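Next come the chains, spelled out residue by residue.
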Amino acid sequence: MDDVQMESGDERGVAAPSLSEYPKDSNLIAAGKISARLDRLPPTRSVWFMIVLLSLGFFFELYDMLFTGYVAPGLYRSGIFTPTTPGLFGTTGIAGFMAALFSGLFIGTIGCGVLADKFGRRAIFTYSLLWYTVANVVMAFQTTAFGIDSWRFISGLGLGVEMVTIGTYISELAPKHLRGRAFACCQAVGFSAVPVVSYLSYLLVPVEPFGVEGWRWIVFIGAHGAIFVWWIRRRLPESPRWLAQNGRIDEAQHIMARLEARVESEFGRPLPPPGAPIPATPHGRFSDMWVAPYGKRMFMMIVFNIFQSIGFYGFANWVPTLVVKQGVTVMNSLLYTSIIAIAAPIGPVIGLFIADRFERKTVIMAAAMMVMASGLVFSQARNPGMIIALGICLTLGSNIMSYSYHSYQAELFPTGIRARAVGFAYSWSRFSAIFNAFLIAFFLDRFDVLGVFLFIAAAMCVITLDIALLGPRTKNLALEDIAH
């Protein structure tokens, strides 16, 4: 599929509209027409190929982010970190390691979401991935808690930018009727990193291959994602919506014409005509995220992101430690969690079948209730089979919620402010997670596993009410139609 590079000409098969159709003083109208042409594309091989390429980038991102909890036993074993956190905000406990990551993620998402709006989705997708890969390699050579925390923070900066960019990129490349399934595919591929990192941790963390501690090997293996970056980059086009919005109409035309030619060839018959174009909204300032109808949506997503991170990371990053607290040995804990982790990509796979059939907000609320119920029962489980089964239910609920809200969040804002708005809203998840790591450690120390899951249950109730009362419907609507 080398010929799926869509950076230039080759308008064979589909006659592109003349550039004269686009008023030279109206990039917004041009962007609206480009969006209408994208949204009528059927889900052929070329369309899915772009989505899968972005999903591969997400795989390495989640591998990097979620190895945090799985290497924790190795960090204890090395003597660099302690299982408990000295004081509420101690930096030598594993909570400090997690907080360093989320501090970087917070700054990356809140301060750098604007980069993708300014320089394009493709460039930022590439360079942010390279950034956090290099930072992790350096981190793997550190021998002190301060050194590891510092480079984990730097890695988090790149991860934060990457997460915002991937969501924006997919929402703009996928036709509206495919958007939910596109996000589900991205999450399914991405979350397949969880069983990979979990199983590698089970194999490597307890040992020292070639005299190098196993947790360091986990980090080195993840750094191989950089090898694939340039291969992915060469085959992904820039977002035509973003190009047209920024006045680069010729480039947007070339990409669209080439894509339409390939899709029509694969489809086997003429493409349906584009729908009526909705002019894109102009590039906005920070204040534009707070005018109607965006202000209400931004408030809703800030509340959601603050509390959803308690449920998602409260389990995902602490599962080996929580299982140990259930009376399981460290070795068996890594075995159990590697089995639980197999369920991680299954939630998004379910989304491939339900994502565009049900309202995103309904799926988010149902998944949150699933997390709450499974977690409370998990806290009382002692039988290995029950621990694994409930851990799988928690993982499924968390990941169904994750793919749903990533899609939902990107749909709520127009092209001109999408990356900036999503980055700002998403940053509150990272800000919350900085303190959640310490709060989970506090509840675990004072109130055992039950206290942790009561804390998580309360958070799930908040986000369910938040989405139910304030969330708009988005199913099968054009991005700009939702915005208006």
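Only a predicted model underlies this, so the values are computations on that prediction, with no experimental measurement involved.

S.K.: Would you mind showing me how to read the overall build of the protein chain here?
M.R.: Scanning the protein chain from N- to C-terminus turns up 20 helices and zero strands. Looking at the 484 residues of the protein chain, the share that counts as buried comes to 61%. Considering only contacts within the protein chain whose residues lie at least 6 apart along the sequence, 85% involve residues at least 24 apart. For the protein chain, the accessible surface area stands at approximately 17,200 Å², while carbon and sulfur atoms represent 69% of it.

S.K.: Which parts of the structure should I look at to understand a nonpolar patch on the surface?
M.R.: Nonpolar side chains collect at one region of the surface, where Ile 339, Ile 342, Ile 346 and Ile 350 lie side by side and expose about 310 Å² of accessible area between them. Within the fold, Ile 342 resides in the loop between helix 15 (330-341) and helix 16 (346-354).

S.K.: Just to check I follow, could you spell out the nonpolar core for this structure?
M.R.: Across soluble globular proteins, nonpolar side chains have a tendency to be buried as a group. If you look at the biggest cluster of nonpolar residues, it comprises 144 residues, and the most contacted ones within it are Ile 218, Trp 318 and Met 460. With 24 residues, helix 19 (residues 418-470) is the single largest residue contributor to this core.

S.K.: How should the pattern of salt bridges be read in this particular structure?
M.R.: Any two side chains of opposite charge can pair, given that their charged atoms come close. Evaluation of the coordinates by the stated rule reveals ten salt bridges. Between Arg 241 and Asp 39 there is a salt bridge whose closest N-O contact spans 3.0 Å. Taken together, the positions of Arg 241 in helix 11 (residues 240-245) and Asp 39 in helix 1 (residues 27-39) put the pair 202 residues apart, joining distant regions of the chain. Note that Glu 411 and Arg 360 form a salt bridge whose closest N and O atoms lie 2.5 Å from each other. Within this pair, whereas Glu 411 is found in helix 18 (residues 384-411), its partner Arg 360 is found in helix 17 (residues 360-378), the two being separated by 51 residues in sequence. Taking the relative accessible area as the measure of exposure, Arg 360 reaches 2% and is therefore buried. Within the structure, one salt-bridge network assembled from shared partners comprises Arg 37, Arg 40 and Glu 260.

S.K.: Looking at this model, I keep getting lost on the side chain of Ser 198. Mind explaining?
M.R.: Here Ser 198 shows up in helix 8 (residues 193-204). By relative accessible area, which is 0% here, Ser 198 ends up buried. Setting aside anything within four residues of it in sequence, one finds Ser 198 in contact with Tyr 70, Leu 334, Thr 337, Ser 338 and Ala 341.

S.K.: It is not clear to me how the packing of helix 2 (residues 45-70) against helix 9 (residues 214-222) should be interpreted in this structure. Could you clarify?
M.R.: Contact geometry of helix 2 with helix 9 gives a least axis separation of 10 Å together with a crossing angle of 160 degrees. The angle between helix 2 and helix 9 falls in the class roughly antiparallel. For helix 2 against helix 9, the interelement crossing comes out left-handed. Of the residues in helix 9, those in contact with Phe 60, Tyr 63 and Phe 67 of helix 2 are Ile 218, Val 219, Ile 221 and Gly 222. Within the contact of helix 2 with helix 9, the residues separate by chemical class into six nonpolar, one polar and no charged.

S.K.: What exactly am I supposed to notice about the confidence of the model for the protein chain here?
M.R.: Confidence in the prediction for the protein chain averages 81 pLDDT; 86% of positions are at 70 or higher. Here residues 1-25 is a poorly scored stretch, pLDDT under 50, and it has 54 contacts once near neighbours within four places are set aside; other chains count.

S.K.: What exactly am I supposed to notice about the environment of Phe 183 here?
M.R.: Mapping Phe 183 onto the fold places it in helix 7 (residues 179-191). As a C-alpha pair, Phe 183 and Ile 170 span 13 residues in sequence and 7.2 Å in three-dimensional space.

S.K.: Help me understand helix 16 in this model?
M.R.: A turn of α-helix holds 3.6 residues, and therefore any two residues three or four places apart point the same way. Gly 347, Pro 348 and Gly 351 are the residues of helix 16 that are buried. The buried residues of helix 16 occupy one face: seen down the axis, they fall within an arc of 90 degrees. In this structure, the buried residues of helix 16 make contact with helix 7 and helix 18.

S.K.: Sorry, what's going on with the packing of helix 7 against helix 8 here?
M.R.: Think of two packed helices as two axes; the pair is described by the angle between the axes and how far apart they sit. It is the contact of helix 7 with helix 8, at a shortest axis distance of 5 Å, that shows an interaxial angle of 5 degrees. Taken together, helix 7 and helix 8 sit at an angle that is classed as roughly parallel. For the pair helix 7 and helix 8, contact is made by Val 189, Gly 190 and Phe 191 and by Ala 193, Val 194 and Pro 195, respectively. Of the residues belonging to the contact of helix 7 with helix 8, the class tally is five nonpolar, one polar and no charged.

Procedures and definitions
Residues numbered from 1 in each chain as written. Predicted model: local features only at pLDDT ≥ 70, side-chain atom pairs only at ≥ 80, totals over all residues. Heavy atoms only, no water. Helix = DSSP H or I, 4+ residues; strand = E, 2+ residues; numbered from the N terminus. Buried < 20%, exposed > 50% of the residue type's maximum accessible area, 1.4 Å probe, protein only. Contact = heavy atoms within 4.5 Å. Areas by Shrake-Rupley, 256 points an atom, 1.4 Å probe, with all protein chains shown as cover. Patch = residues over 30% accessible without salt bridge, like charges linked within 9 Å, V, L, I, M, F, W, Y side chains within 5 Å. Salt bridge = Lys/Arg side-chain N within 4 Å of Asp/Glu carboxyl O. Core = buried A, V, L, I, M, F, W, Y, C linked by side-chain atoms within 4.5 Å. Axes fitted to C-alpha atoms, helices over the stretch in contact; angles between N-to-C directions. Parallel < 35°, antiparallel > 145°, perpendicular 65-115°, else oblique. Left-handed = near helix turned anticlockwise from the far one by under 90°. Nonpolar A, V, L, I, M, F, W, Y, C, P; charged D, E, K, R; others polar. pLDDT = per-residue confidence, 0-100. Arc of directions from axis to C-beta.

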